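The residues making up each chain are set out below.
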Amino acid sequence: MKILVCISQVPDTTTKIAFSDDNKQFKTDGVTWILNPYDEWYALVRALELKEAGTASAVHLVTVGEQSAEPVIRKALALGGDEAIRINTASSDPYVVAAQIAAYAKSEGYDLVLCGKESIDYNNAAVGPMLAEMLDMHYIGFASKLDVADGKATVDREVEGGHVTNSASLPLVISCQKGMAEQRIPNMRGIMAARTKPLKVVEPADVQSLTEISSYELPPAKGSVKLIDPENMDELVSLLHNEAKVI
Amino acid sequence: MSVIVLAEHENGSFKKKTFEAVQYAKGIADAMGTTATAVVLGTADNAAMQELGAYGASKVLNVADARLNTLSASAYTKAIATAAEKEGAKVIIALNDVTGKAVAPRVAARLKAGLVAGAVAQPDMSNGFTVKKIVFSGKAFANVTINSDIKVVTLMPNTFAVAKGEGNAAVEALDVAFDDKDFSIEVKEVEVMTGEVPLAEAELVVSGGRGMKGPENWGPLEELAKELGATLACSRPVADSHWRPHHEHVGQTGGTIRPNLYIAVGISGAIQHLAGVNGSKVIVVINKDPEAPFFKAADYGVVGDQAEVLPRLIEAVKKFKAS
Ligand SMILES: Cc1cc2nc3c(=O)[nH]c(=O)nc-3n(C[C@H](O)[C@H](O)[C@H](O)COP(=O)(O)OP(=O)(O)OC[C@H]3O[C@@H](n4cnc5c(N)ncnc54)[C@H](O)[C@@H]3O)c2cc1C
Ligand SMILES: Nc1ncnc2c1ncn2[C@@H]1O[C@H](COP(=O)(O)O)[C@@H](O)[C@H]1O
């Protein structure tokens, strides 16, 4: 069984988000880039576990990104994985990202394509299901548990207020979230090994972008907080009712 | 030409978030000089489907196939694409929830339609089609322009208040040619809590952090939530320590929520936590440390020990409800 893990590079979670003066560009100076947490902690680690257990024969990593994404993909290789593919273009449009991965993956015969539940920059949760459509596979989203045996996957997925257990034949595209695996820290051996693992650079397919980001906005600044005497909770309740009108 | 909207139901009845999506579709249809058609997948009550007219649907297309009562992303995609073709739809609306997130991107890929996921405003159609959406897990918004002929938009639940109007929608049956393969994902087990409003849809949320000191102290938060009719949430370390179930975890790596009221108790207000909750309309922070960063993001603040403040707040809410 061959697994493909889709890896996206995102700004570190502590990043204070800022934009250029015309609000058209995200300011990247000083930003630390990380592996998208869902891709790293859950999709990648679960893929590695499946390989360690002998269920998977190969784990490949793919990222759609420019050269600046290489340190992050090397880190992913340091965690494990046999080879990485970087498709040499960047886009904020999930259709473009999915189409690039699909163009590459189509002829590679992956049995399982794992991605994160969403990227923490664009929050589209879209690349996975788009990829499933393009590769004509079933998609199971928000998986918190994944087991594979005899060509079939058993998947727990989150739904509003609970979870559902599904079973489906491979090939599948699955998006991964908490519960699936435990975060790993790359060790020295992994880091050394990653240096010599193949990182293939593939030129992008010709895909038209269907969306573009015209501008960004920050949320309106909050006014100053109204402090309430901790002895006087009647006042808080009255403010929530009469002033804020939320209860 | 029309706008179509996936009208999700639960065992045949519709919830507020669906009315919100239908109303949103109607607003877009009005601006385009057309009508909104709701697509109902699976078996639903006829009167309930007609009632979608009161929220703006002129017509309901119902695919009354019981296999659609549970989600199959590929079958749903096929049904929506069929409906879109029949209606000549230029805009397709769904919710940015578990179902919408599984289906809308697939529909977009199938129809080569640009997608905006997690819209928080009506599209601006003055110059093209631009929709404001959440990015960076709530730390910012992006205005995304869709350039394709067909557009797919998913709406963040709880963005708009819902107003019920008049009118009944005409219900029509829609035939879709499914393959067995569309339903080849088996459902082994379903475990869904009933009677609770899921966090993503909750209008009122009571949330606890590490300042609650331990799972044994959640009683007052549960009582406060019950008195208010609120849903419980928590910070990440609380879920990581298994004090509370994971689905209650909100923030950058948990759920992004937009309730009318968010009451944060014993939560410091780290940037990753704020990311998921700063879309709340009103924020109340209860924290014993006056320097806690959360106070900067709060509308109302109470500096005090939760063990003392919560019982007083519960009493005050009870008194208010009785009055
Ligand atoms: C990659 C990454 C992703 C993350 N994602 C998330 C996320 O999605 N969601 C999230 O929440 N966090 C997230 N975090 C963690 C985040 O950085 C904070 O560590 C976390 O939010 C802190 O939780 P807390 O406020 O409950 O605990 P603490 O920071 O320990 O704060 C406890 C607060 O309780 C107050 N307190 C203590 N005792 C009392 C009392 N008796 N009465 C009243 N107040 C009291 C204290 O003054 C303090 O402000 C993430 C971190 C990383 C690195
Ligand atoms: N540029 C990218 N390259 C590779 N995979 C990506 C990229 N962007 C997103 N993904 C994958 O798709 C998932 C969902 O991303 P998104 O649709 O942006 O929320 C991520 O968790 C990744 O697994």
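## Some details on helix α5 (residues 219-228) of chain B
Residues and elements named next belong to chain B.
Part 1: Taken residue by residue, α5 has Leu221, Leu224, Ala225, Glu227 and Leu228 as its buried positions. Along the long axis of α5, the arc covered by the buried residues comes to 165°, so they all point the same way.
Part 2: Where α5 is buried, its residues contact β11 (204-208), β12 (231-234), β13 (261-265) and α8 (306-322).
Part 3: In the segment just after α5, Gly229 is the residue with positive phi, at about 75°.

## Things to note about the packing of α5 of chain B against α8 of chain B
Relative orientation and spacing of two packed helices are given, respectively, by the angle between their axes and the distance between those axes.
Residue and element names in this part refer to chain B.
Part 1: It is the contact of α5 with α8, at a shortest axis distance of 10 Å, that shows an interaxial angle of 15°. As summarised for this structure, α5 and α8 are arranged roughly parallel, according to the angle between their axes. Of the two elements, α5 crosses α8, and the hand of that crossing is left-handed. Counting all contacts with α5, which are made through Pro220, Leu221, Glu223, Leu224, Glu227 and Leu228, the residues of α8 involved are Leu310, Leu313, Ile314, Val317, Lys318 and Lys321.

## What about the domain arrangement of chain B?
All names here are of chain B.
Part 1: Per the domain assignment, the segments of chain B are domain 1 (3-183) and domain 2 (199-322).
Part 2: Measuring from the centre of the C-alpha atoms in domain 1 to the corresponding centre in domain 2 gives 32 Å.
Part 3: Taking both sides of the interface into account, the surface hidden between domain 1 and domain 2 amounts to around 1100 Å²; carbon and sulfur atoms contribute 44%.
Part 4: Taken together, the connections running from domain 1 to domain 2 amount to 3 salt bridges.
Part 5: Linking Lys15 and Glu201 is a salt bridge whose minimum nitrogen-to-oxygen distance equals 3.4 Å.
Part 6: Applying the counting criterion to the domain 1 and domain 2 interface returns 8 residue pairs in polar contact (both at pLDDT 80 or more).

## Quick notes on empty space enclosed by the protein
Part 1: Tallied over the entire structure, the rule returns 4 cavities of 30 Å³ or more.
Part 2: Approximately 710 Å³ is the volume attributed to the largest cavity.
Part 3: Along its surface, the largest cavity is lined by 37 residues, and Lys117 of chain A together with Lys101, Ala200, Gly255 and Thr256 of chain B are the ones closest to its centre.
Part 4: Breaking the lining of the largest cavity down by element, the ones donating at least two residues are β8 (152-159) of chain A together with α4 (98-111), β5 (114-119), β6 (130-135) and β12 of chain B.

## A short note on the sheet that holds strand β14 (residues 282-287) of chain B
Part 1: Across the sheet, 6 strands lie side by side as β13(A)-β15(B)-β14(B)-β13(B)-β11(B)-β12(B); this open sheet has parallel pairing. In this open sheet, the two edge strands, each paired with only one partner strand, are β13 (226-227) of chain A together with β12 of chain B.
Part 2: Bridge count between β11 of chain B and β12 of chain B: 4 bridges; the pairing is parallel. Paired with Val205 of chain B across the two strands is Thr231 of chain B, which belongs to β12 of chain B.

## Let's talk about the pattern of salt bridges
Part 1: Applying the stated rule across the entire model yields 39 salt bridges over all chains.
Part 2: Glu108 of chain A is the salt-bridge partner of Lys2 of chain A, the closest N and O atoms lying 3.8 Å from each other. Placement of Lys2 of chain A in strand β1 (residues 2-6) and of Glu108 of chain A in the loop between α3 (94-105) and β6 (112-116) is noted, with a sequence separation of 106 residues between them.
Part 3: For Lys2 of chain A, a relative accessible area of 22% translates into the label partly exposed.
Part 4: Judged by relative accessible area, which is 25%, Glu108 of chain A ranks as partly exposed.
Part 5: Between Lys178 of chain A and Asp240 of chain B there is a salt bridge; the shortest N-O distance is 2.4 Å. Here the residue Lys178 of chain A occupies a position in the loop between β10 (172-176) and α5 (188-196), and Asp240 of chain B occupies one in helix α6 (residues 236-240), the pair thus bridging two chains.
Part 6: One network of salt bridges, with partners in common, ties together Glu160 of chain A together with Glu8, Glu10, Lys15, Lys17, Asp97 and Glu201 of chain B.

## Side note on the state of the cysteines
Part 1: Scanning all chains against the criterion turns up 0 disulfides over all chains.
Part 2: Of all cysteine sulfurs in the structure, the one in Cys115 of chain A sits closest to Cys6 of chain A, which takes part in no disulfide; the separation is 5.4 Å.

## Observations regarding the sheet that holds β6 of chain A
Sheet strands pair via backbone hydrogen bonds, and the direction of the pair is either parallel or antiparallel.
Part 1: With mixed pairing, 10 strands are arranged side by side in an open sheet as β11(A)-β5(A)-β4(A)-β1(A)-β6(A)-β10(A)-β7(A)-β8(A)-β9(A)-β10(B). One side of each edge strand has no neighbouring strand; the edge strands of this open sheet are β11 (199-202) of chain A together with β10 (186-192) of chain B. Strand-to-strand, the axes of this sheet are offset by a mean angle of 30°, without reference to chain direction.
Part 2: Alignment of β1 of chain A against strand β4 (residues 58-64) of chain A, held across 5 bridges, turns out to be parallel. Paired with Cys6 of chain A across the two strands is Val62 of chain A, which belongs to β4 of chain A.

## Thoughts on the site of ligand 1
Residues and elements named next belong to chain B.
Part 1: Among the 27 residues in the neighbourhood of ligand 1, the closest are listed as Lys213, Ser235, Thr253, Ser268 and Gln272.
Part 2: Between ligand 1 and the protein, one listed contact pairs a nitrogen atom with a backbone N or O atom of Val250 at 2.9 Å.
Part 3: When ligand 1 sits alone it has 980 Å² of accessible area, and the protein chains cover 81% of it.
Part 4: Breaking the shell around ligand 1 down by element, the ones donating at least two residues are α6 and α7 (271-277).
Part 5: Its residues assigned to classes, the shell around ligand 1 shows 5 nonpolar, 16 polar and 6 charged.

## Digging into the side chain of Glu248 of chain B
Part 1: With respect to the secondary-structure elements, Glu248 of chain B resides in the loop between α6 and β13.
Part 2: Setting aside anything within four residues of it in sequence, one finds Glu248 of chain B in contact with Leu199, Leu232, Ala233 and Cys234 of chain B.

## Some thoughts on the side chain of Gln9 of chain A
Part 1: In this fold, Gln9 of chain A is placed in strand β2 (residues 9-11).
Part 2: Apart from residues lying up to four places away in sequence, Gln9 of chain A is in contact with Trp33, Ile34, Ser68, Ala69, Val72 and Asp121 of chain A.

## Re the site of ligand 2
Residues and elements named next belong to chain A.
Part 1: Taken together, 19 residues are adjacent to ligand 2, and Cys6, Asp39, Ser119, Ala125 and Ala126 come closest.
Part 2: Measuring from an oxygen atom of ligand 2, one finds a backbone N or O atom of Asn124 at 3.1 Å.
Part 3: Cavity membership is defined here by more than half of the atoms lying within 2 Å of grid points; on that basis ligand 2 lies in the largest pocket.
Part 4: Sorting the residues of the shell around ligand 2 by element identifies β4, α3 and β6 as the ones contributing at least two each.
Part 5: When residues in the shell around ligand 2 are grouped by element, the largest group, 3 residues, is from β4.
Part 6: The residue inventory of the shell around ligand 2, partitioned by class, reads 10 nonpolar, 7 polar and 2 charged.

Each value, and the rule that gives it
- Residues numbered from 1 in each chain as written.
- Chains lettered and ligands numbered in written order.
- Predicted model: local features only at pLDDT ≥ 70, side-chain atom pairs only at ≥ 80, totals over all residues.
- Heavy atoms only, no water.
- Buried < 20%, exposed > 50% of the residue type's maximum accessible area, 1.4 Å probe, protein only.
- Helix = DSSP H or I, 4+ residues; strand = E, 2+ residues; numbered from the N terminus.
- Arc of directions from axis to C-beta.
- Contact = heavy atoms within 4.5 Å.
- Axes fitted to C-alpha atoms, helices over the stretch in contact; angles between N-to-C directions.
- Parallel < 35°, antiparallel > 145°, perpendicular 65-115°, else oblique.
- Left-handed = near helix turned anticlockwise from the far one by under 90°.
- Domains from an automatic or database assignment.
- Buried area = accessible area lost by both parts, 1.4 Å probe.
- Salt bridge = Lys/Arg side-chain N within 4 Å of Asp/Glu carboxyl O.
- Polar contact = N/O pair within 3.5 Å; in protein donor to acceptor, adjacent residues only side chain to side chain.
- 1 Å grid on protein atoms, 1.4 Å probe; cavity = no way out; pocket = protein on both sides within 12 Å on 5 of 7 lines; lining within 4 Å.
- Points joined across faces, edges and corners; volume = space filled by probe spheres on them.
- Pairing = 2+ DSSP bridges.
- Disulfide = S-S within 2.5 Å.
- Near = heavy atom within 4 Å.
- Areas by Shrake-Rupley, 256 points an atom, 1.4 Å probe, with all protein chains shown as cover.
- Nonpolar A, V, L, I, M, F, W, Y, C, P; charged D, E, K, R; others polar.
- Sits in = over half its atoms within 2 Å of the grid points.

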